[in-house]
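# Residue-level structure breakdown
Chain by chain, the residues:
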Amino acid sequence: MDVIRHRFDALVVGGGGAGLRCALALAEAGRRVAVVSKVMPLRSHTVSAQGGITAALGNMEPDDWRWHMFDTVKGSDYLGDQDAIEFMCRQAAQAVIELEQMGLPFSRREDGRIYQRAFGAQSVRFGEGQAHRTCAAADRTGHALLHTLYQRNLRAGTRFFDEYFALDLLRSTQGEVTGIAALSIADAGRHEFHAAATVLATGGAGRVFRHSTNAHINTGDGPGMALRAGLPLQDMEFWQFHPTGLPGSGSLISEAVRGEGGYLLNAAGERFMLRYAPHAADLASRDVVARALAMEILAGRGCGSQGEYIHLRLDHLGEAVIRERLPGIRELAMRFANVDPVQAPVPVVPTAHYMMGGIPVNLHGQVLDRDPVPGLYAIGECACVSVHGANRLGGNSLLDLVIFGRAAGEHAARTIAVDAPLPPAQADWELLARLDRPGTGETVACLRDALQRLMQRHCGVFRDGVLLDEGVRELDALSQRAQQLVLTDRSRAFNVERIEALEFGNLLQVARATLFSARFRCESRGAHTREDYPQRDDTSWMVHSLYWLQDDRLGSKPVNLQPESMPGFVPQPRIY
Ligand SMILES: Cc1cc2nc3c(=O)[nH]c(=O)nc-3n(C[C@H](O)[C@H](O)[C@H](O)COP(=O)(O)OP(=O)(O)OC[C@H]3O[C@@H](n4cnc5c(N)ncnc54)[C@H](O)[C@@H]3O)c2cc1C
C-alpha cells in the first residue's frame, strides 16, 4: 500500500490543551507546524476539565506563588521535582493573564477581577489557612481553554490533521526521532509525518481502569509509542483516584463542589472527613480524601442499599449559587445519577482520574533517556516533568499544560534546524499488518473489559505485594490471549475496530508499566498505598521509578529537592 509523506518543521501529536499551547508557540515563531489528532481537537479530554486552573493571582486574599509551590510540593508527597514546580508556579499568574488576553472568558468577581475558588490542599502562608487560588470559567474551564487555544492556532496558521491515528515514532539508527507513522481513520491511508521536532501530547490513559472519569480516547497511545521505541516511563505506579466520581458512569463531580462549600457524608450522616483531616476536612489533598471514602465504604458505612457509595451534599449552597457556578455539575448529576443536587445529595465513589507518571522530560519538554532524545518532546498528561509527584493537586494539570506546552514549543522553535535533511528512518507497519491476520480468539471489547477489571482489582486505591504478583501473572496470561485477538467486523466499522485494537495494545503496555512499577515501590506515598508497606520511606524511596518494556526492566533516579531561587522544602509528615 502506498505511503503518503508530509514534511513540517515541527509536529505535535495531540490537540488537547498541551498540544494546542505548544503548536501556538511554534506557529507564532514562524515555524511550519502540524497538529495530528485522532479526534477533532475540540473533542480532546481537556474539554471536560471543569474546576479550573490554579495560579496565585491573589484576587480573593493576598497570595504568593511560593505558597502555591509549597502546597504543590507537599501535595506531591515530596516526590515532585522542586525545580519544575518552582518553574510552573512562578509563571502561573502570568500564564493565566495571557489566557485572559487571548480571550478566555473567566468568571469574574463583582469588581471585574478574575474569580478564584478554593480547591483541595490550597493554603496561604505555607499551610496556615485555606486559599482561593483556582481560576475558572464557571465549571467549564477546559472547554473555554480549548476553544480559546484552537481559535488562536487557526489564526496563527497551524495545520490540522484531524482523525489521524499516530501508530509509532520514526527513529533513525542513531536514535533521532524524525516523525511518526500514522493511519488516516477515514480511509485507512498510511501516512508518514516527518519533522525536526516531534511533540507527544496524547493525554492520559485512565481507560486502563474499569471505573474512570476519563474519555474513551484516553488510552495512553503516547506512552505506548515511547515504550515501543525503547524509552522508559517514569512513576507509573502513581494514579490519582478522584474522590467524587458518579457510580456506574464514572462521570466526574468536580472538586469545585467542595471548594464552593459542598461536603461528604456517610450513611450515618456523619461529616467523616473531619476525622481523617481535622483542619482541611473535605478540602484535604485528593489522595487523602479518596482513601477516606474507600475506608468508609469498606467499613460498612457507605450509603445506598449495598453501602456502595458516599453522599456529597450541596443543596445548602442554594439554587442560585449552583446555577451560576456549577451548572454543568448539576446537569451531570441529573443525567447520570438521576439526582438534582439542588434537592438531594449526589452519590459518589473514588474513580480513576489522572496519570501522575508518564514519559520523563526536562523543563523544556525534551524526552529523557538519561540524556535528551534528539527530536522528541512530550508535554501534558502523557509526560512526567515531574510537577505532580505522587499526587496532583486540582487545577494544576491545566496549568501544567499551558506552562510546559509553551516551554516545549518555544524550545523547539529556537533549536530546530529548518529544512535541514532528516536522517532516514523506516516506518514499521507490522503493528497494522498483525491486525489484518485473522485471529481465532476474543474481541477487543472482551479483552479490554478483562484488562480494566484486572487493573481495578489488582492496582486500585489499596495495593499489596500478593495482589500485585497475581496482577502481573494475570496480565501475562491476558497478553497471550491478546495475540489471538479477532476483529469481528471486516466491513463497515472495520477501521474503528482496528483503532480500538491499537488503543488496547497501548493500554496493555501502560498496565504493564503500572503493575511493575507498583510492585517495585515498597512504600506508601501519595496515591500509591501499599498495605504491606504502610509508611512513606524517604531513606529508600525518595526516587522516581523508571520502567522499560524490554525485559520489564526497572530503575530509578533521584528527586530534585533543590529549586533555583530558594532553599528546597524539606520533607515533612503530611497532615491536613
Ligand atoms: C473529567 C475531567 C475533569 C478534569 N478537570 C480538571 C480541572 O478542572 N483542572 C485541571 O487542572 N485538570 C483537570 N483535569 C485533568 C486535565 O483535564 C487533563 O490532565 C488534561 O486536560 C490533559 O490534557 P492533554 O493536552 O495532556 O491531553 P488531552 O486533552 O487528553 O488531549 C490528548 C490529545 O491527543 C490526541 N491523541 C491521543 N492519542 C493519539 C494518537 N494515537 N494519534 C493521534 N492523536 C492522539 C487526542 O486526539 C487529543 O487531541 C480533568 C480531567 C478529567 C478527565
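As shown above, the structure is provided for reference.
Residues numbered from 1 in each chain as written. Predicted model: local features only at pLDDT ≥ 70, side-chain atom pairs only at ≥ 80, totals over all residues. Heavy atoms only, no water.

### Some points on helix H1 (residues 17–28)
Residues spaced three or four apart along an α-helix face the same direction, because each turn holds 3.6 residues. Here H1 is 12 residues long and its end C-alpha atoms lie 16 Å apart, about the 16 Å a rise of 1.5 Å per residue gives. Burial of H1 is extensive: 11 of the 12 residues sit out of reach of the surface. Positive backbone phi, at 85°, marks glycine 30, one or two positions downstream of H1. (Helix = DSSP H or I, 4+ residues; strand = E, 2+ residues; numbered from the N terminus. Expected span 1.5 Å × (residues − 1). Buried < 20%, exposed > 50% of the residue type's maximum accessible area, 1.4 Å probe, protein only.)

### Describing helix H5 (residues 221–228)
Counting buried positions along H5 gives seven out of eight residues, so the element sits mostly inside the fold. Buried residues of H5: Asp221, Gly222, Pro223, Gly224, Met225, Ala226 and Leu227, and no others. At the exit of H5 stands glycine 230, carrying a positive phi of roughly 90°.

### Describing the sheet that holds strand E24 (residues 553–558)
Across the sheet, which stays open at both edges, the three strands sit in the order E12-E23-E24 with antiparallel pairing between neighbours. Pairing within the sheet leaves two strands with one partner each, and these edge strands are strand E12 (233–234) and E24. When E12 meets strand E23 (residues 543–548), the two strands line up antiparallel, connected through two bridges. In the sheet register, glutamine 234 faces E23, and the bridge partner there is leucine 546. (Pairing = 2+ DSSP bridges.)

### Brief notes about the packing of aromatic side chains
Pairs of aromatic rings are described using the distance from one ring centre to the other and the angle between the two planes. Scanning the entire structure with this criterion turns up 15 aromatic pairs. Between the aromatic rings of phenylalanine 8 and phenylalanine 161, the centroid separation amounts to 5.8 Å while the plane-to-plane angle is 80°, which identifies the pairing as edge-to-face. In this pair, phenylalanine 8 is assigned in strand E1 (residues 3–13) and phenylalanine 161 in strand E8 (residues 159–162), connecting sequence segments 153 residues apart. Each of the two residues, phenylalanine 8 as well as phenylalanine 161, counts as buried. Through successive ring pairs, a cluster of aromatic residues spans Phe8, Phe161, Tyr164 and Phe193. Over the ring of tyrosine 263 we find arginine 271; its NZ or CZ atom is 4.2 Å from the centre of that ring. (Phe/Tyr/Trp six-rings, centres within 6.5 Å; stacked < 30°, edge-to-face > 60°. Lys NZ or Arg CZ within 6 Å of the ring centre and 35° of its normal.)

### Remarks on the site of the ligand
For the ligand, the set of nearby residues contains 39 residues, the closest of which are Ser44, His45, Thr46, Gly51 and Glu381. Measuring from an oxygen atom of the ligand, one finds a side-chain N or O atom of serine 37 at 2.7 Å. The separation between a nitrogen atom of the ligand and a polar main-chain atom of alanine 166 is 2.8 Å. Look at the ligand: alone it shows 1,000 Å² of surface, and the protein chains cover 98% of it. Those elements giving two or more residues to the shell around the ligand turn out to be H1, strand E2 (33–37), strand E9 (164–171), strand E16 (346–355) and helix H11 (396–415). (Near = heavy atom within 4 Å. Polar contact = N/O pair within 3.5 Å; in protein donor to acceptor, adjacent residues only side chain to side chain. Areas by Shrake-Rupley, 256 points an atom, 1.4 Å probe, with all protein chains shown as cover.)

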